[in-house]
Amino acid sequence: MQLPRLVDAALDRLVVPGYSRLGYAARRAGWRTLPSGCLSGRTILVTGAAGGLGAATARGLVGLGARVEMVVRDRARGERTAADLRAEHPGAAVEVAACDVSSLADVRRYAAEVRDREAAVHGLVHNAGVMPAERTETAEGHELALATHVLGPFLLTRELRPALRAGASPTAPARVVFVSSGGMYTASLPTDDPEFRTGTYSGGAAYARTKRMQVVLAELLADDLAGDGVVVHSMHPGWADTPGVASSMPGFHRVTAPLLRTDEQGADTAVWLQAAPEPGHSTGVFWHDRAPRPTHYLPRGAETPQARAALWTLCVDATAGSAR
């Protein structure tokens, strides 16, 4: 039986019940099981797939029959995870590709390789994430969280546009999913200093605001790709017990450990967005636990058209000469 909407909304607003494993347990009772093999014949790329939510997403997609390419920085670690997935799912089509999503040059290289060897790409999951302890710049001069969460995914999506277009059909659109965070609710869209060049740097603040940027960017890309048969969604996984949370937020992890979700529970909605019929009939939606969620709790927090346009311009200018 599906959870009543008012109860579901209350869990969401109260945060702890909705984001923890308690909310997952309460909601999953009303979910339909995804059919075995429903992703057969579909090729899906998952960034940051060597561990945590990325590995769990790859595992869920492989379990539904998808051919999965795990896009990782550390190939050796990625190969170990891929071997584990093949052992769990004998005969599964799992491949590993090395790409540092924070490096625009590496994204261009990787995307060119994909276009050369893949007739079509049916899905893309932007999961790679970082929470720098101090402000760090990439070789191209971009703040690391911005490059990893926003600029790299923007470039990769647009560079793979021909392959995604080829993977779309009238009844089965190609799907792009951004793995954001509930922490984005604490941040507004930065327009004056998106690279965090001034003020006191905070890894948590950089993380939250770039996760906010991902949600807005998903909406903007949804409009940009609408004519290509590609849908774009964003989601947040709730509070999951990942290695990244343990290392980047040890205090939070220590206090909330009994309530944290497993990787698989956190990744569930990302997998569902690639596989279920419902997300294929919409685009530009923000999801949590298989349901659309508001991107703001207060109307006055909504981004202005000027701020949204500034984000698009930032992404286009930073990746100039690369998008197709």
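Residues numbered from 1 in each chain as written. Predicted model: local features only at pLDDT ≥ 70, side-chain atom pairs only at ≥ 80, totals over all residues. Heavy atoms only, no water.

Going by what an unreviewed UniProt entry lists, the chain is known as SDR family NAD(P)-dependent oxidoreductase and is assigned to Actinomycetospora straminea.

Caption draft 1: Just the overall build of the chain, in detail. What the chain contains, in helices and strands, is 13 helices and eight strands. By the compact-globule yardstick of 20 Å for 324 residues, the chain fits well, its C-alpha radius of gyration being 18 Å. Summarising its shape, the C-alpha atoms of the chain cover approximately 50 × 50 × 40 Å along the three principal directions. Across the 324 residues in the chain, those meeting the buried criterion constitute 55%. In the chain, the proportion of contacts linking residues at least 24 apart, taken out of those at least 6 apart, comes to 75%. When the accessible area of the chain is evaluated, it comes to approximately 13,600 Å², of which 55% is carbon and sulfur surface. Within the chain, one finds 34 positive and 33 negative side-chain charges whose respective centroids are separated by 4 Å. (Helix = DSSP H or I, 4+ residues; strand = E, 2+ residues; numbered from the N terminus. Rg over C-alpha atoms; globule rule 2.2 N^0.38 Å. Buried < 20%, exposed > 50% of the residue type's maximum accessible area, 1.4 Å probe, protein only. Contact = heavy atoms within 4.5 Å. Areas by Shrake-Rupley, 256 points an atom, 1.4 Å probe, with all protein chains shown as cover. Lys, Arg positive; Asp, Glu negative; His and termini not counted. Charge placed at Lys NZ, Arg CZ, Asp CG, Glu CD.)

Caption draft 2: View of the pairing of strand β3 (residues 94-98). Sheet analysis places strand β2 (residues 67-72) next to β3, joined by five bridges and oriented parallel. Its bridge partner being in β3, V68 is matched across the sheet by V94. (Pairing = 2+ DSSP bridges.)

Caption draft 3: Seen up close, the pairing of strand β6 (residues 230-235). Burial of β6 is extensive: six of the six residues sit out of reach of the surface. In β6, alternate side chains face the same way, and those of V230, V232 and S234 on one face and V231, H233 and M235 on the other are all buried. Relative to β6, strand β5 (residues 174-179) runs parallel, the two being bridged by six bridges. Considered in β6, the bridge of R175 is made with V231. Handedness of the crossover joining β5 and β6 through helix α9 (residues 203-225): right-handed. (Right-handed = clockwise from strand over helix to strand, strands pointing away.)

Caption draft 4: Spatial organisation of the nonpolar core. If you look at the biggest cluster of nonpolar residues, it comprises 39 residues, and the most contacted ones within it are L45, Y110, V150, L160, L217, V232 and L311. Elements supplying a minimum of two residues to this core: α6 (104-117), α7 (144-159), α8 (161-166), β5, α9, β6 and α13 (305-318). Among the elements that take part in this core, α9 stands out by supplying eight residues, more than any other. The next biggest cluster of nonpolar side chains, apart from the first, holds 31 residues, and it includes L39, V68, A82 and L85. (Core = buried A, V, L, I, M, F, W, Y, C linked by side-chain atoms within 4.5 Å.)

Caption draft 5: Geometry of the environment of G141. Checked against the element boundaries, G141 lands in the loop between β4 (123-126) and α7. When the C-alpha positions of G141 and A58 are compared, they lie 31 Å apart, and in sequence the two are 83 residues distant. Every residue in contact with G141, bar those within four places of it in the chain, is listed here: E195 and R197.

Caption draft 6: Region of interest: the sheet that holds strand β1 (residues 43-47). In spatial order, the strands read β3-β2-β1-β4-β5-β6-β7-β8; together these eight strands make up an open sheet with mixed pairing. Strand pairing shows two members of the sheet lacking a second neighbour, β3 and β8 (291-292), which therefore form its edges. Of the pairings in the sheet, the one linking β6 to strand β7 (residues 286-288) comprises two bridges and is parallel in character. Across the sheet, the residue bridging to S234 is F286, located in β7. Across the sheet, α6 is in contact with β1, β2 and β3; its angle to β2 comes to roughly 160°. Helix-sheet contacts for α9 involve β5, β6 and β7, and the interaxial angle to β6 is about 165°. (Axes fitted to C-alpha atoms, helices over the stretch in contact; angles between N-to-C directions.)

Caption draft 7: Layout of helix α4 (residues 52-63). With twelve residues, α4 extends 17 Å between its outermost C-alpha atoms, agreeing within 8% with the 16 Å of an ideal straight helix rising 1.5 Å per residue. Burial analysis of α4 places nine of its twelve residues in the buried class, the great majority of the element. Backbone geometry just downstream of α4 places G65 in the positive-phi region, at approximately 100°. (Expected span 1.5 Å × (residues − 1).)

Caption draft 8: Highlighting α9. Across its 23 residues, α9 extends 31 Å between first and last C-alpha, which sits within 8% of the 33 Å expected from 1.5 Å per residue. The buried fraction of α9 amounts to 18 of the 23 residues, a majority that puts the element mostly inside the structure.

Caption draft 9: Geometry of the packing of aromatic side chains. Tallied over the entire structure, the rule returns seven aromatic pairs. Each ring, one from Y24 and one from W31, has its centre 5.4 Å from the other, and the planes form 80°; the classification is edge-to-face. The pair formed by Y24 and W31 is uniform in burial state, with each residue classed as buried. Centroid distance Y185 to F286: 6.1 Å. Interplanar angle 70°. Geometry classified as edge-to-face. You can see Y185 sitting in the loop between β5 and α9 and its partner F286 sitting in strand β7, a full 101 residues away along the chain. (Phe/Tyr/Trp six-rings, centres within 6.5 Å; stacked < 30°, edge-to-face > 60°.)

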